[in-house]
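Chain by chain, the residues:
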Amino acid sequence: MSRHIPVLLKEAVAALRIQDNGVYVDGTFGAGGYTSFILEQNPTVHVYALDRDETAISAGRALVKKYAPRLHLIHGCFGDMSELIPESVDGIVLDIGVSSMQIDTPERGFSFQKDGPLDMRMGQTRLTAADIVNTFKENELADILFQYGEEKKSRLIAKKIIERRKEKPFKTTLDLAQLIHGCMPHKEGEIDSATRTFQALRIYVNDELGELERALIAAKSLLKPAGILAVVSFHSLEDRIVKRFFQEQSGHTPNTNKHLPPVQKEKPSFELLTKKPVTATLEEKNANPRSRSAKLRVARRLA
Ligand SMILES: C[S@@+](CC[C@H](N)C(=O)[O-])C[C@H]1O[C@@H](n2cnc3c(N)ncnc32)[C@H](O)[C@@H]1O
């Protein structure tokens with residue numbers, strides 16, 4: 001299994017402005033790349049690291065020992081962080097999405113390149129991707145593919161799924177991928193035609209956008225004044241949520257009339273530190289293709 005290479009690691013951790021005796025949250029522990037890097041910056045800092053994936057937590061136990069007593073590893077969702085973290089903190093970092101370990105383990109069912117059960121759950125959620133494609137109504141399926149995958153052929157794919165499942169339910173990732181490839185043959189130079197459908201199902205199964213929205217609100221209540229929130233996102237749906245939250249909270253909500261100043265609804269609770277998102281350097285993009293779509297946005301909590 002490939003090891004997860006952290007994306008925008010130096011940029012995201014530098015954004016936290018690590019200080020002596022600081023307490024930080026890594027909401028997406030994964031393989032512990034960010035967490036270790038934060039703990040290595042300064043021997044006096046503590047980190048609460050969360051992951052909804054039990055496998056990531058089990059694999060992280062060795063790091064808990066290595067950095068004892070400074071690393072507190074918690075199995076849970078970042079959307080629940082205000083209940084899971086017992087104190088106010090100086091910084092929170094989120095590196096959202098799936099890890100390479102999750103994508104590259106066929107049994108987890110995230111990949112359309114390797115066969116595995118059609119699962120896609122990062123943690124203990126109720127529905128698997130198979131439950132959705134085998135039981136949801138045609139219009140519900142089409143809406144999911146359109147909304148979370150921005151898939152233009154959502155209606156066609158949903159129709160074909162319904163036709164096929166009448167004969168035999170979908171069980172595996174390749175089974176579904178082959179159906180999509182049948183509807184939309186691969187074109188040279190374009191992404192695999194199954195990409196958007198798989199993204200949409202994964203986002204829906206794990207309620208990824210809802211989790212992100214809850215995490216941003218939770219971060220507001222957990223951060224001490226001057227505490228930093230740094231978020232790395234990997235696609236436009238996530239980035240839009242982060243961008244809007246930061247704009248609204250810092251008093252920069254764009255006016256519907258572009259010629260008028262931003263609308264300020266309430267006293268700002270954050271100061272925006274990145275007017276434009278930070279992206280990976282060419283060197284990082286060449287070394288790690290996953291970093292190509294990454295965007296880092298940073299804001300500081302106001303008193
Ligand atoms: C991109 S990886 C993070 C990699 C990590 N920064 C590193 O350096 O190893 C994302 C991780 O976040 C976890 N994750 C995704 N959504 C989550 C959520 N809502 N709550 C907690 N963990 C989540 C995934 O299970 C995965 O392990």
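About the criteria used
- Residues numbered from 1 in each chain as written.
- Predicted model: local features only at pLDDT ≥ 70, side-chain atom pairs only at ≥ 80, totals over all residues.
- Heavy atoms only, no water.
- Near = heavy atom within 4 Å.
- Polar contact = N/O pair within 3.5 Å; in protein donor to acceptor, adjacent residues only side chain to side chain.
- Areas by Shrake-Rupley, 256 points an atom, 1.4 Å probe, with all protein chains shown as cover.
- 1 Å grid on protein atoms, 1.4 Å probe; cavity = no way out; pocket = protein on both sides within 12 Å on 5 of 7 lines; lining within 4 Å.
- Sits in = over half its atoms within 2 Å of the grid points.
- Pairing = 2+ DSSP bridges.
- Helix = DSSP H or I, 4+ residues; strand = E, 2+ residues; numbered from the N terminus.
- Axes fitted to C-alpha atoms, helices over the stretch in contact; angles between N-to-C directions.
- Contact = heavy atoms within 4.5 Å.

Asks: Could you clarify how one ought to interpret the site of the ligand in this entry?
Replies: In the vicinity of the ligand there are 24 residues, among which Asp51, Phe78, Asp95, Gln102 and Glu211 approach most closely. Gly32 places a main-chain nitrogen or oxygen 3.3 Å from an oxygen atom of the ligand. Between an oxygen atom of the ligand and a main-chain N or O atom of Tyr34, the distance comes to 3.2 Å. For the ligand, whose unbound accessible area comes to 610 Å², protein coverage reaches 99%. Under a 2 Å grid-point criterion requiring more than half of the atoms, the pocket assigned to the ligand is the second largest pocket.

Asks: Explanation requested: the sheet that holds strand S2 (residues 46-51) in the structure shown.
Replies: Pairing between the strands of a sheet comes from backbone hydrogen bonds, and it takes one of two forms, parallel or antiparallel. Pairing is mixed in the open sheet, where seven strands are placed in the order S3-S2-S1-S4-S5-S7-S6. Of all the strands in the sheet, just strand S3 (71-75) and strand S6 (270-272) have a single pairing partner and so form its edges. Between one strand axis and the next, the sheet turns by 20° as a mean value, whatever way the strands run. Where strand S1 (residues 23-26) and S2 come together, four bridges link them in parallel fashion. Across the sheet, Asp26 pairs through a bridge with Ala49, a residue of S2. Against the sheet, helix H2 (residues 33-41) contacts S1, S2, S3, strand S4 (89-95) and strand S5 (223-233), and its axis sits at roughly 175° relative to S2. Running over the sheet, helix H12 (residues 208-222) touches S4, S5, S6 and strand S7 (295-301) and is turned about 160° from S5.

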